[in-house]
Amino acid sequence: MAWYKDKILWTIIAVAGAIKCAMLLYLYFFGPLGEEVLVFPDSLTYVYPAQTLLTYGQLWEAVSVNPLLLRTPGYPVFLAFIQLISGNMTWAVAVVQNILSLALLLPVYLTARRLATVTAARWSAAFCAASVLYFSLSFAVLTEVACVFLLAWFIFLTVRWVQEFHARDLFGAALLLTAAVYVRPAAYYFVPVACLFFFALGVWKKSAVPVKQTLLYFLAPSVLLIGAWQVRNFYQTGYSGFTSVGAYNLYIWNEDFVAKEKQISVAQAHDILEKNLPDNFEKLSVKTQVQTYKKLAAPLLKQSWKYKLSRVPVWAGKVLLGTNHVHLSRLIFGQADEPEKALNQTSALPKAWLITGTEKILFLLAFLQVMSVVLLGIIGLVSLCKTQPITAIFFVVYMGYFWAISSTFLGAYARFRAPFEIVLCIGAGIAVATYLSPLKTNNR
């Protein structure tokens, strides 16, 4: 049966689409926060360069005439296109992202179907459709949904290449991963990680084909496409990196340690770190700004590494098991609050938002959904090791990379699970199908 003839898949998509449509209509016509519910502090850093692109044909930093460097151009271009077509950069973005989140079910379905059975594919799509994380992030002017959509297709093509070694699949995977890097630079270092995996695959298979194809169809186009933005950065700013956000985070994300040492709030520590920057910091060249961030970060990192190491289990737990509750409750209950709090909770549990019985029930339901997909996803990946060991290892490497880079700083929380929850959904679908099959056989 062709995938497009699967009525159950279309039923899952239809049900998910109806729920999303109802939520969008509620927020638009009855939501007490209006379009504010879609906007977060990070949103401005994407919206402003999108507007400068439409107005002046150039990407600039937020509230500045400096070339865009803190952010990468993928999401601003995405927003600019939506603005150009619809004339709107809030509700129209939510509509498009909800459509993308529905389209996301297709690569998840196709990947699981290729690895296991149609039943596993249906369950995988259902788990993805039920994700509270993807549901809430679809209603935010943030990069995650667009990035995950690209990564899901990257995973599908990579899995197909691992099984068949068609060069076109690897080339397509390179284009998709590169596009994801442009949308969210967290994927930047996965390019060399993927290359190493593909090279190791060639050694394990004792074949030169994977190595040659990796060099020609994956590494070469990735370096050329990603390098183009770095050449632009060097030409316009003198800084040859892909983005300056790494240096910024290296310094600013010490605010939790400063808060602990001085016995003050994280917000107060943030202000102190900002004040420690040179008075003329904004007028310095980008290259000098990056060097300044790194120079100021060095002594703080030297002092705080033990403290940060002790916090990694908490941060990793928040990424893996977080429910994005503050954002979710903001959507459903229309609670006016500081958007920063919806994106950066410093405590393990959102206790301040668990006051009423309704709030507690919402959190419990979301937590059960997250726990089920994580536990079943792990079980499914273990099961996959028996039938598709190479793909299972790729999934572990993929998940391990995104989990690791998002679990080592104060801002770690559920939002950063988005790139690898799709793999957990695939694993969960395989697990359910695997353990339901014996039951069906016994009932015949």
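As shown above, the structure is provided for reference.
> Lay out the overall build of the protein in plain terms, naming residues and giving numbers.
Each helix and strand counted, the protein has 20 helices and zero strands in total. Computed over C-alpha atoms, the radius of gyration of the protein comes to 22 Å, within 12% of the 22 Å expected from 2.2 N^0.38 for 444 residues, which places it in the range of a compact globule. Viewed in the frame of its principal axes, the protein has a C-alpha envelope of about 75 × 60 × 50 Å. If you take every contact in the protein between residues at least 6 apart in sequence, the share linking residues at least 24 apart comes to 75%. Within the structure as shown, the protein displays about 20,300 Å² of accessible surface, and the carbon and sulfur contribution to it stands at 67%.

> Which residues make up the pattern of salt bridges, and what values do they have?
As enumerated under the stated definition, the model contains ten salt bridges in all. Between E261 and K260 there is a salt bridge, with the nearest N and O atoms lying 3.5 Å from each other. By relative accessible area, E261 is classed as partly exposed at 49%. For K260, a relative accessible area of 40% gives the class partly exposed. Ionic contacts of the salt-bridge type, sharing partners, join the residues D42, R71, E144, R184 and R415 into one network.

> Residue-level account of the environment of I12, with values.
On the secondary structure map, I12 appears in helix α1 (residues 7-29). By relative accessible area, I12 is classed as buried at 16%. Separated by 353 residues in the primary sequence, I12 and L365 have C-alpha atoms spaced 20 Å apart. If near-sequence neighbours (up to four positions away) are discounted, I12 is found in contact with L105, R122, A125, A126 and A129.

> Provide a residue-level description of unusual backbone geometry, including the pertinent values.
Its identity as a non-glycine residue notwithstanding, F165 has a phi of 55°, on the positive side. With a phi angle near 60°, N324 is a residue other than glycine that sits in the positive phi range. With respect to the element layout, N324 can be found in the loop between α15 (286-321) and α16 (325-333).

> Provide a residue-level description of helix α5 (residues 105-115), including the pertinent values.
α5 sits mainly inside the fold: nine of its eleven residues count as buried. Those residues of α5 not exposed but buried are L105, L106, P107, V108, Y109, L110, T111, A112 and L115.

> Which residues make up a nonpolar patch on the surface, and what values do they have?
A contiguous nonpolar surface patch, about 520 Å² in accessible area, is contributed by F171, L175, L215, L216, Y217 and L225. If you tally residues by element for the nonpolar patch, the top one is helix α11 (residues 209-237), at four residues. Structurally, Y217 can be placed in helix α11.

> How would you explain the nonpolar core if you had to name every residue and give the values?
In this structure, L79, F154, F218, F395, Y398 and I422 are the most contacted members of the largest nonpolar core, which totals 118 residues. Per-element accounting of this core gives the leading share, 15 residues, to helix α8 (residues 144-164). If near-sequence neighbours (up to four positions away) are discounted, Y398 is found in contact with L151, F154, I155, F190, P419, F420, I422 and V423. Counting 16 residues, the second largest nonpolar core, distinct from the first, contains L69, Y239, A269 and V286.

> Describe the packing of α5 against helix α6 (residues 118-129), listing the residues and the values that go with them.
Any two packed helices are characterised by how steeply their axes cross, that is the angle between the axes, and by the distance between the axes. In contact at an axis separation of 7 Å, α5 and α6 are set at 150° when each is read in the N-to-C sense. The orientation of α5 with respect to α6, classified from their angle, is roughly antiparallel. Between α5 and α6 the crossing geometry is right-handed. Residue-level contacts link L105, V108, Y109, A112 and R113 of α5 to V118, A120, A121, R122, S124, A125, C128 and A129 of α6. In terms of residue class, the contact of α5 with α6 is built from ten nonpolar, one polar and two charged.

> For the environment of K308, give the residues involved together with the corresponding values.
Note on placement: K308 falls in helix α15. A sequence separation of 270 residues divides K308 from L38, and the C-alpha atoms of the two residues are 32 Å apart. Here K308 is in contact with W253, N254, D256, L301 and W315, once residues within four sequence places are set aside.

> So what about the state of the cysteines? Which residues, and what values?
One pass over the structure, following the stated rule, counts zero disulfides. Cysteine C147 shares no disulfide, and the gap to the nearest cysteine sulfur, in C128, comes to 14 Å. C147 gets classed as buried once you look at its relative accessible area, which sits at 3%.

> Quick one: what's the story with the packing of aromatic side chains, residue by residue and with numbers?
Aromatic rings in a pair are described by how distant their centres are and how their planes are angled relative to each other. In the structure shown here, the tally under the stated rule is 38 aromatic pairs. Taken together, the ring pairs connect F154, W161, F165, F190, F197, F198, F218, F394, F395, Y398, Y401 and F402 into an aromatic cluster.

> So what's going on with the side chain of S124? Residues and values would help.
Structurally, the position occupied by S124 is in helix α6. For S124, a relative accessible area of 0% corresponds to the buried category. At a separation of 3.3 Å, a polar atom in the side chain of S124 contacts the main-chain carbonyl oxygen of I426.

> Run through the side chain of D169, naming residues and quoting values.
Its place among the elements puts D169 in helix α9 (residues 167-183). Those residues in contact with D169 that lie beyond four places of it in its chain are L157, R160, W161 and E164.

> Tell me about the environment of V373, and please be specific about residues and values.
With respect to the element layout, V373 can be found in helix α18 (residues 357-387). Using a relative accessible area of 0% as the deciding quantity, one classes V373 as buried. As a C-alpha pair, V373 and Q388 span 15 residues in sequence and 20 Å in three-dimensional space. Residues in contact with V373, not counting those within four places in the same chain, are F127, L424, C425 and A428.

Criteria and cut-off values
Residues numbered from 1 in each chain as written. Predicted model: local features only at pLDDT ≥ 70, side-chain atom pairs only at ≥ 80, totals over all residues. Heavy atoms only, no water. Helix = DSSP H or I, 4+ residues; strand = E, 2+ residues; numbered from the N terminus. Rg over C-alpha atoms; globule rule 2.2 N^0.38 Å. Contact = heavy atoms within 4.5 Å. Areas by Shrake-Rupley, 256 points an atom, 1.4 Å probe, with all protein chains shown as cover. Salt bridge = Lys/Arg side-chain N within 4 Å of Asp/Glu carboxyl O. Buried < 20%, exposed > 50% of the residue type's maximum accessible area, 1.4 Å probe, protein only. Patch = residues over 30% accessible without salt bridge, like charges linked within 9 Å, V, L, I, M, F, W, Y side chains within 5 Å. Core = buried A, V, L, I, M, F, W, Y, C linked by side-chain atoms within 4.5 Å. Axes fitted to C-alpha atoms, helices over the stretch in contact; angles between N-to-C directions. Parallel < 35°, antiparallel > 145°, perpendicular 65-115°, else oblique. Left-handed = near helix turned anticlockwise from the far one by under 90°. Nonpolar A, V, L, I, M, F, W, Y, C, P; charged D, E, K, R; others polar. Disulfide = S-S within 2.5 Å. Phe/Tyr/Trp six-rings, centres within 6.5 Å; stacked < 30°, edge-to-face > 60°. Polar contact = N/O pair within 3.5 Å; in protein donor to acceptor, adjacent residues only side chain to side chain.

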